[in-house]
Amino acid sequence: MLALGAPAMAQDRAAVERQFRGWLEQTVWPRARAEGVSRGTFEAAFAGVALDWDLPDLVPPGAKAQTPKQQRQAEFGAPAKYFSRGSLDGATSVGRRMARQHAQSLAAVERATGVPGRIILGVWGRESGYGQVAIRHDAFRVLGTKGFMSTRAGYFTDELVAALRIAEAGHVNPRNMKSSWAGALGQPQFMPSNFLNYAADGNGDGHADIWNSEADTIASIGTYLERHGWQAGRDWGFEVRVPASVSCTLEGPDQGRRISDWAAMGITRVSGTPFPDSEARGEGFLLMPAGRHGPAFIVTPNFYVLKDYNMSDLYALFVGHVGDRIQYGMGDFEARWGDVGRLYRSEIAAMQRGLEARGHDVGGADGLPGFKTRRSIGRWQEANGRPTTCFPERAMASALGG
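Keep in mind the model is a prediction, meaning the values are calculated, not measured.

**Side note on helix H6 (residues 117–128)**
Argument step 1. Between its first and last C-alpha atoms H6 spans 16 Å; for twelve residues at 1.5 Å apiece the expected length is 16 Å, and the two agree.
Argument step 2. By the criterion of burial, H6 is predominantly enclosed, with eleven of the twelve residues buried.
Argument step 3. When we look at burial in H6, the residues that qualify are Gly117, Arg118, Ile119, Ile120, Leu121, Gly122, Val123, Trp124, Gly125, Glu127 and Ser128.
Argument step 4. Just past H6, the residue Gly129 takes up positive phi, approximately 60°.

Next up, the structure:
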């Protein structure tokens, strides 16, 4: 279908558009009606809405899903790019201004949820530039398109119904519901189901307005993190030095141990100061997002609460780091990011399949070098007498059958 010439393609797309309208009526409308959505709200939401063919990860009817070559999200690209000078400095400088401007709201939410204001600021800054980033996509067009023909159609169909419930409740006019290209709403960039579950009224006016209210945005982020298990009184993590005697294959949230035990293995904070006593007694996890090619960290369970907000190690690390810069004046990480991230997702996916064929759990051959892939590479490197870097490199592709 996708190889057709322009006239045939136009005709074919028109046929898919008709299928889309039929899907809305036959699949989405019955579900929405069962959830209490009125016909008027449904029709207003989809008035003039057509498929958005420019969105990523689409699988039109009759087409086959493919692993994309290019990383579509910065979270899964080169770490150094994610922590660019402009991103860090902008999030920090504006964040400090927001900390002063919204000190009362931040303090109130910290008292209520246990989530530090600096962490809320880090999330807010990364998600929407503290509300300054324009959000231009039509939420119903995005969610409709991805619910109808994407690699995660079921998930986005659920979110589409949730968005209809938000409109039905009167939180926002359906024609004014703007989202990211992935369907995330408002300043905290909540998916619609998260809005229904975690949006909070921070200014006491009886409404949870994550589009226009900074106080509601702050309260909503704090509520989300609290309900996902944020442990009050604990930090998110610490940059550390990992001696060569400690294998990078020990990384991961399923290989935790007391932070004092990590210290006993020779892992030290880059600051030279000991881990706080309150943290040393608690569980910690080794994090090496670029393997041996970048900074290393001992993180707490709170780091993985941040990952619940966005399933990316780099995202959670950025949020915690910016929060520290805002409140404590922290500088850059001591270790520098190596020159990694030059591989296509399709190349990493081929390596992952090679590792799976050798019995490794890489967390799925999705072309994304998460912790399971990183440590599987390290285990394969150790078993084959190679330098253990725990990160995909083009030189290993042929050996893994990529």
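**Concerning the state of the cysteines**
Argument step 1. For the structure on display, the rule yields one disulfide.
Argument step 2. Between the sulfur of Cys248 and that of Cys390 lies a disulfide, 2.1 Å long from S to S. Looking along the S-S bond of the Cys248-Cys390 disulfide, the torsion reads about 80°, which is the right-handed sense. On the criterion of sequence distance, the pair formed by Cys248 in the loop between strand E3 (237–241) and strand E4 (257–258) and Cys390 in the segment after helix H16 (371–383) is long-range, its members being 142 residues apart.
Argument step 3. Cys248 sits in the buried class, given a relative accessible area of 1%.

**Focus on helix H4 (residues 85–101)**
Argument step 1. Compared with the 24 Å implied by 1.5 Å per residue over 17 residues, the 24 Å span of H4 between its first and last C-alpha is a close match.
Argument step 2. Those residues of H4 hidden inside the fold are in contact with helix H5 (103–113), H6 and helix H14 (313–328).

**Observations concerning the nonpolar core**
Argument step 1. By size, the foremost hydrophobic cluster in this structure holds 83 residues, and its most contacted members are Met177 and Leu225.
Argument step 2. Sort the elements by how many residues they give to this core and H14 lands first, with eight residues.
Argument step 3. Here Leu225 is in contact with Val115, Ile119, Val123, Trp230, Val305, Leu306 and Tyr309, once residues within four sequence places are set aside.
Argument step 4. Val240, Ile259, Ile267 and Ile298 belong to the second largest nonpolar core, which has 15 residues in total.

**Regarding the sheet that holds strand E6 (residues 283–287)**
Argument step 1. Strand order in this open sheet of five strands is E4-E6-E7-E3-E5, and the pairing throughout is antiparallel. The open sheet has two free edges, formed respectively by E4 and strand E5 (268–269), since each of these has just one partner strand.

**Description of the packing of H4 against H6**
Packed helices, taken two at a time, are described by the angle their axes make and the gap between the axes.
Argument step 1. Between H4 and H6, whose axes approach to 10 Å, the crossing angle comes to 125°. On the basis of the axis angle, H4 is oblique to H6. Crossing hand, H4 versus H6: right-handed. Mapping the contact onto sequence places Ser87, Gly95, Met98 and Ala99 in H4 and Leu121, Trp124 and Arg126 in H6.
Argument step 2. Each residue belonging to the contact of H4 with H6 can be placed in one class, and the counts come to four nonpolar, two polar and one charged.

**Digging into the pattern of salt bridges**
Argument step 1. Per the counting criterion, the structure on display carries 19 salt bridges.
Argument step 2. The closest approach of N and O atoms between Arg118 and Asp235, which form a salt bridge, is 3.4 Å. Pair noted here: Arg118 is in helix H6 and Asp235 is in the loop between helix H10 (214–227) and E3, with a separation of 117 residues, a long-range link. Comparing Arg118 with Asp235, the two get one shared label, buried.

**Topic: the environment of Ala316**
Argument step 1. Looking at the element boundaries, Ala316 is found in helix H14.
Argument step 2. Among the residues examined, Ala316 registers a relative accessible area of 0% and is labelled buried.
Argument step 3. Sequence-wise, Ala316 and Leu58 are 258 residues apart; in three dimensions their C-alpha atoms are separated by 27 Å.
Argument step 4. Once residues lying within four places of it in the same chain are set aside, the contact partners of Ala316 are Phe303, Leu306 and Lys307.

**A closer look at the packing of aromatic side chains**
Argument step 1. Going through the model one piece at a time under the given rule, you end up with 25 aromatic pairs.
Argument step 2. When the centroid spacing of 5.2 Å and the interplanar angle of 50° are considered together, the rings of Trp29 and Phe42 count as tilted. Here Trp29 is found in helix H1 (residues 6–34), whereas its partner Phe42 is found in helix H2 (residues 39–45), with 13 residues between them in sequence.
Argument step 3. For Phe42, a relative accessible area of 3% gives the class buried.
Argument step 4. Among the aromatic residues, those joined into a cluster by ring pairs are Tyr82, Phe83, Trp236, Phe297, Phe318, Phe333 and Trp337.

How each quantity is defined
Residues numbered from 1 in each chain as written. Predicted model: local features only at pLDDT ≥ 70, side-chain atom pairs only at ≥ 80, totals over all residues. Heavy atoms only, no water. Helix = DSSP H or I, 4+ residues; strand = E, 2+ residues; numbered from the N terminus. Expected span 1.5 Å × (residues − 1). Buried < 20%, exposed > 50% of the residue type's maximum accessible area, 1.4 Å probe, protein only. Disulfide = S-S within 2.5 Å. Contact = heavy atoms within 4.5 Å. Core = buried A, V, L, I, M, F, W, Y, C linked by side-chain atoms within 4.5 Å. Pairing = 2+ DSSP bridges. Axes fitted to C-alpha atoms, helices over the stretch in contact; angles between N-to-C directions. Parallel < 35°, antiparallel > 145°, perpendicular 65-115°, else oblique. Left-handed = near helix turned anticlockwise from the far one by under 90°. Nonpolar A, V, L, I, M, F, W, Y, C, P; charged D, E, K, R; others polar. Salt bridge = Lys/Arg side-chain N within 4 Å of Asp/Glu carboxyl O. Phe/Tyr/Trp six-rings, centres within 6.5 Å; stacked < 30°, edge-to-face > 60°.

Without other data, these values stay purely geometric and don't point to any function.
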